[in-house]
Amino acid sequence: MKQIDLSKIEHRTSRISDALEHFRAVQESYDQVSQYLPDFRPMKNWTIERHVKYLKDFALDRQGMKNYLFFYEDQLIGGGHLKPADWEHTGELMYWVRSGWDGIGIGMHIAKTMCKQAYEFLGYRFVVIQTDIENLGSRKVAEKLGFKVGMIYGYITHLGTNSNMIVWQNEAPISRIAAPFSRQGGENSYSLHSELQEVTHNLVGIIRTRSEIEEAIKKIADIRARSKNVAVSGGRKFNPGFHL
């Protein structure tokens with residue numbers, strides 16, 4: 001078993017120059033990873049050019065999504081993907097570890113890194129991980145990170161067999177959620193809400209132009225950034241400003 005220094009693992013968005021290394025990692029890991037990660041299944045016969053296209057798309061910054069590749073000494077060892085889940089304020093985490101690099105804490109490192117992104121940068125309150133009941137490695141990672149079983153449902157795998165899927169749920173640290181109560185001189189939630197209403201009413205109504213949409217996107221991005229610095233007064237039991 002490999003012995004590595006987890007502190008030396010680096011993560012970043014994908015680049016076109018990663019295509020060959022991504023191709024090699026997929027080929028080495030396909031049989032193992034494709035059992036549990038649907039995105040891997042069509043990759044078996046991909047050309048390098050197809051990997052280039054995939055990595056270009058993988059690097060795009062979309063709302064509520066974050067994708068990273070993980071490297072150790074310039075070798076690709078895994079990837080993490082966050083996307084909006086089917087539940088409000090919740091992100092779904094999917095990750096994979098390159099074959100030969102499993103069992104030494106890399107999956108835990110990737111999942112922990114992506115959860116931090118979900119809570120601190122994407123603003124999710126919850127993160128879920130869905131694992132097949134037979135995927136003992138991912139189940140162990142979820143348990144060690146403090147995820148709790150939310151539900152279990154039956155499904156048919158890509159091999160046509162019956163199995164069960166476990167939905168694990170984790171909540172953001174209370175210190176992050178309650179931060180507006182201890183923040184001084186921050187943004188007013190009602191003011192931000194009013195600004196957002198004004199933008200949507202004036203710029204993106206039923207009749208709108210391209211320039212208005214572009215202006216609205218910029219203003220909404222500014223409101224989103226400022227919303228991270230909201231401050232509220234009063235207690236936690238029932239606080240309209242906090243709940244807004």
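Residues numbered from 1 in each chain as written. Predicted model: local features only at pLDDT ≥ 70, side-chain atom pairs only at ≥ 80, totals over all residues. Heavy atoms only, no water.

Visitor: Give me the sheet that holds strand β2 (residues 66–72): which residues, what numbers.
Guide: Spatially, β1-β2-β3-β4-β5-β7-β6 is the arrangement adopted by the 7 strands of the open sheet, whose pairing is mixed. For this open sheet the edge positions go to β1 (10–12) and β6 (148–156), each flanked by a neighbour on one side alone. Recorded for the sheet is a direction-independent mean angle of 25° between the axes of neighbouring strands. The strands that helix α3 (residues 106–120) touches are β1, β2, β3 (75–84), β4 (90–97), β5 (126–132) and β7 (162–171); relative to β4, the one it contacts most, it runs at about 155°. (Pairing = 2+ DSSP bridges. Helix = DSSP H or I, 4+ residues; strand = E, 2+ residues; numbered from the N terminus. Axes fitted to C-alpha atoms, helices over the stretch in contact; angles between N-to-C directions. Contact = heavy atoms within 4.5 Å.)

Visitor: How would you summarise the pattern of salt bridges if you had to cite specific residues and measurements?
Guide: Following the criterion strictly, the structure yields 11 salt bridges and no others. A salt bridge links Glu187 to Arg226, with the shortest nitrogen-to-oxygen separation between them at 3.1 Å. Of this pair, Glu187 sits in the loop between α6 (179–182) and α7 (189–203) while Arg226 sits in helix α8 (residues 210–227), placing them 39 residues apart in sequence. Among the residues examined, Arg226 registers a relative accessible area of 22% and is labelled partly exposed. Each of Glu21, Arg24, Glu28 and Arg98 takes part in a single network of salt bridges with overlapping partners. (Salt bridge = Lys/Arg side-chain N within 4 Å of Asp/Glu carboxyl O. Buried < 20%, exposed > 50% of the residue type's maximum accessible area, 1.4 Å probe, protein only.)

Visitor: Outline α7, supporting the account with residue identities and numerical values.
Guide: Here α7 is 15 residues long and its end C-alpha atoms lie 21 Å apart, about the 21 Å a rise of 1.5 Å per residue gives. Buried within α7 we find Ser189, Leu192, Val199 and Leu203. An end-on view of α7 places all buried positions within 100° of arc, on one side of the element. A side-chain oxygen of the first residue of α7 lies 2.8 Å from the backbone nitrogen of Tyr190; this N-cap is Asn188. (Expected span 1.5 Å × (residues − 1). Arc of directions from axis to C-beta. Polar contact = N/O pair within 3.5 Å; in protein donor to acceptor, adjacent residues only side chain to side chain.)

Visitor: Now, about the nonpolar core: what can you tell me, with residues and values included?
Guide: Ranked by size, the top nonpolar core spans 28 residues in total, and within it Leu93, Trp101 and Ile106 carry the most contacts. Of all the secondary-structure elements, those providing two or more residues to this core are β2, β3, β4, α3, β5, α4 (136–144) and β7. With 7 residues, the top contributor of residues to this core is α3. Ignoring sequence-local partners within four residues, the contact set of Trp101 consists of Lys2, Ile4, Tyr72, Gln75, Ile77 and Ile106. Of all hydrophobic cores here, the second largest spans 18 residues; its members include Tyr30, Leu37, Met43 and Phe71. (Core = buried A, V, L, I, M, F, W, Y, C linked by side-chain atoms within 4.5 Å.)

Visitor: Any chance you could break down the environment of Val141 for me, citing the residues and the numbers?
Guide: By the element assignment, Val141 lies in helix α4. Remark: the alpha-carbon pair of Val141 and Gly105, spanning 36 residues in sequence, is separated by 8.8 Å. Each residue touching Val141, except ones within four places of it in the same chain, is listed here: Tyr95, Gly107, Met108 and Ala111.

Visitor: A description of the pairing of β4 should follow, citing residues and the corresponding values.
Guide: The buried fraction of β4 is high, at 8 of 8 residues. Burial along β4 is two-sided: Thr90, Glu92, Met94 and Trp96 facing one way and Gly91, Leu93, Tyr95 and Val97 facing the other are all buried. The pairing of β3 with β4 spans 7 bridges and is antiparallel. Pairing of His81 across the sheet is with Met94, part of β4. Linking β3 back to β4 in an antiparallel pair, the connection comprises 5 residues, with His89 at a positive phi of about 60°.

Keep in mind that these numbers describe shape and distance, not what the molecule does.
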